[in-house]
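Each chain, letter by letter, is given below.
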Amino acid sequence: MRWLSDVFDLRPRRIWGAPIGEFVLTWPDPVARGLIKPGPIPIDELSVRPALGADIDRVERVRLADRDWLEQWEATLPPGVQEELPTLRHYRIRIAKEAVEGVTLPMMIEADGQTIGLVTASNTVWGALRMTTLGYWITSTYAARGITSFAVAAVIDLLIAHRGLNRVEINIRPENEASLALAHKLQLRREGYKPKYMCIAGQWADHIAFAIDRDSYPQGGLVHHLWGGRSSEGA
């Protein structure tokens, strides 16, 4: 059966009901076009695309290499639980299956082909809810250049305008100033405080909920609304 062969190939030909090529987003000359800020490392091409199969290994290597920067914000299992984390192989299989089913969408951020971050839609619910939750990170080398904001906006556009979701939610720790700034930049709606919402770095942590839905979604999409024609030229 094609569905099973897609899953166990670990690089499905179709995810979320569409060919995988429809999820590959690319922007040449992002600095010159004002999409992101300049930095010590030039970027000729910025892209966001699905991270499946061997891509997950690449993402994990990048994450582990920058652990000192990232682990303070990472979700972990609560202390004392018996649950075990999956092996990398089992995780690849699970993510491929969930991508085919439209439950999870890991989107890798790349600068000139080099993995620098990840935006992931997870716990997606269809039916009457049609919603998902976004998480994201970027390496310290490329932080503070507006790359994450732009990538998150592009993924939200993909999910709402092209994949038919009604709502995208982001939950942010109150002390994560960079992530709060992202939510404000994207003009997401603040919805409330979630005490002890998720286990982060071994402790239950409070979060603030932000969201966007079809009623608050700007005409033409977030990227067009915030970056205008600069985002479409040559994309």
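Read on for an overview of the structure. (Residues numbered from 1 in each chain as written. Predicted model: local features only at pLDDT ≥ 70, side-chain atom pairs only at ≥ 80, totals over all residues. Heavy atoms only, no water.)

Right, let's get into the pattern of salt bridges. One pass over the structure, following the stated rule, counts 17 salt bridges. Between Glu110 and Arg49 there is a salt bridge whose closest N-O contact spans 3.0 Å. You can see Glu110 sitting in strand E5 (residues 105-111) and its partner Arg49 sitting in strand E4 (residues 45-50), a full 61 residues away along the chain. An identical accessibility class is assigned to Glu110 and Arg49; each is buried. Measuring nitrogen to oxygen at the nearest pair gives 2.8 Å for the salt bridge that ties Arg63 to Glu74. With Arg63 in helix H2 (residues 54-65) and Glu74 in the loop between helix H3 (67-70) and helix H4 (88-101), this residue pair connects regions lying eleven residues apart in the sequence. Glu74 carries the same exposure label as Arg63, and that label is buried. Because the salt bridges share partners, they merge into one network encompassing Arg167, Glu169, Arg189, Glu191, Lys194 and Asp213. (Salt bridge = Lys/Arg side-chain N within 4 Å of Asp/Glu carboxyl O. Helix = DSSP H or I, 4+ residues; strand = E, 2+ residues; numbered from the N terminus. Buried < 20%, exposed > 50% of the residue type's maximum accessible area, 1.4 Å probe, protein only.)

Structurally, Thr115 is set in strand E6 (residues 114-125). Classification of Thr115 as buried rests on a relative accessible area of 5%. Among residues more than four places away in sequence, those in contact with Thr115 are Arg58, Val59, Val62, Met108, Ile109 and Glu110. (Contact = heavy atoms within 4.5 Å.)

Direction of pairing for strand E9 (residues 189-200) relative to strand E10 (residues 203-213): antiparallel, over a ladder of eight bridges. Note on E10: the bridge partner recorded for Cys199 is Trp204. Once E9 ends, the chain turns through two residues before running back antiparallel as E10, passing Ala201 with a positive phi of about 50 degrees. (Pairing = 2+ DSSP bridges.)

The next thing to look at is the packing of aromatic side chains. This model, assessed by the stated rule, comprises three aromatic pairs. Plain terms: the ring middles of Trp16 and Trp126 are 5.5 Å apart, the flat faces sit at 70 degrees to each other, and that makes the pair edge-to-face. Separated by 110 residues along the polypeptide, Trp16 in the loop between strand E1 (14-15) and strand E2 (18-19) and Trp126 in the loop between E6 and strand E7 (131-138) bring together distant segments of the chain. Ring plane angle 80 degrees and centroid distance 4.8 Å describe the contact between Trp27 and Phe150, whose orientation is recorded as edge-to-face. Of this pair, Trp27 sits in strand E3 (residues 25-28) while Phe150 sits in helix H5 (residues 147-162); the two residues are 123 residues apart in sequence, bridging distant segments of the chain. (Phe/Tyr/Trp six-rings, centres within 6.5 Å; stacked < 30°, edge-to-face > 60°.)

By the element assignment, Asp157 lies in helix H5. Of the side chains bearing the opposite charge, Arg214 lies closest to the buried Asp157, which forms no salt bridge; the N-O distance is 10 Å. Polar side-chain contacts of Asp157 include one of 3.0 Å to the backbone nitrogen of Val223. In contact with Asp157, not counting residues within four places along its chain, are His162, Tyr217, Gly221, Leu222 and Val223. (Lys, Arg positive; Asp, Glu negative; His and termini not counted. Polar contact = N/O pair within 3.5 Å; in protein donor to acceptor, adjacent residues only side chain to side chain.)

Once that is clear, we can look at the nonpolar core. Formed by 54 residues in total, the largest nonpolar core has its most connected members in Leu105, Leu134, Ile147, Val152, Ile156 and Leu159. Leu105 has contacts with Ile15, Trp16, Phe23, Val119, Thr120, Ala121, Leu158 and Leu159, leaving out every residue within four places of it along the chain. Counting seven residues, the second largest nonpolar core, distinct from the first, contains Ala51, Met108, Leu118 and Trp137. (Core = buried A, V, L, I, M, F, W, Y, C linked by side-chain atoms within 4.5 Å.)

In contact at an axis separation of 9 Å, H2 and H4 are set at 125 degrees when each is read in the N-to-C sense. Relative to H4, the element H2 is oriented oblique. The interaxial crossing formed by H2 with H4 has right-handed handedness. Side by side, H2 and H4 meet where Ala54, Ile56, Asp57 and Glu60 of the first sit next to Leu88, Tyr91, Arg92 and Ile95 of the second. Among the residues forming the contact of H2 with H4, the class breakdown is five nonpolar, no polar and three charged. (Axes fitted to C-alpha atoms, helices over the stretch in contact; angles between N-to-C directions. Parallel < 35°, antiparallel > 145°, perpendicular 65-115°, else oblique. Left-handed = near helix turned anticlockwise from the far one by under 90°. Nonpolar A, V, L, I, M, F, W, Y, C, P; charged D, E, K, R; others polar.)

This next bit is on the sheet that holds strand E8 (residues 167-172). The strand order E3-E4-E5-E6-E7-E8-E10-E9 describes an open sheet built from eight strands, whose pairing is mixed. Either end of the sheet is taken by a strand with one partner, and the two such strands are E3 and E9. Each strand of the sheet is rotated relative to its neighbour by a mean of 25 degrees, with strand direction disregarded. Where E3 and E4 come together, four bridges link them in antiparallel fashion. Opposite Pro28, over in E4, you have Glu45 as the bridge partner. Against the sheet, helix H6 (residues 177-185) contacts E7, E8 and E10, and its axis sits at roughly 15 degrees relative to E10.

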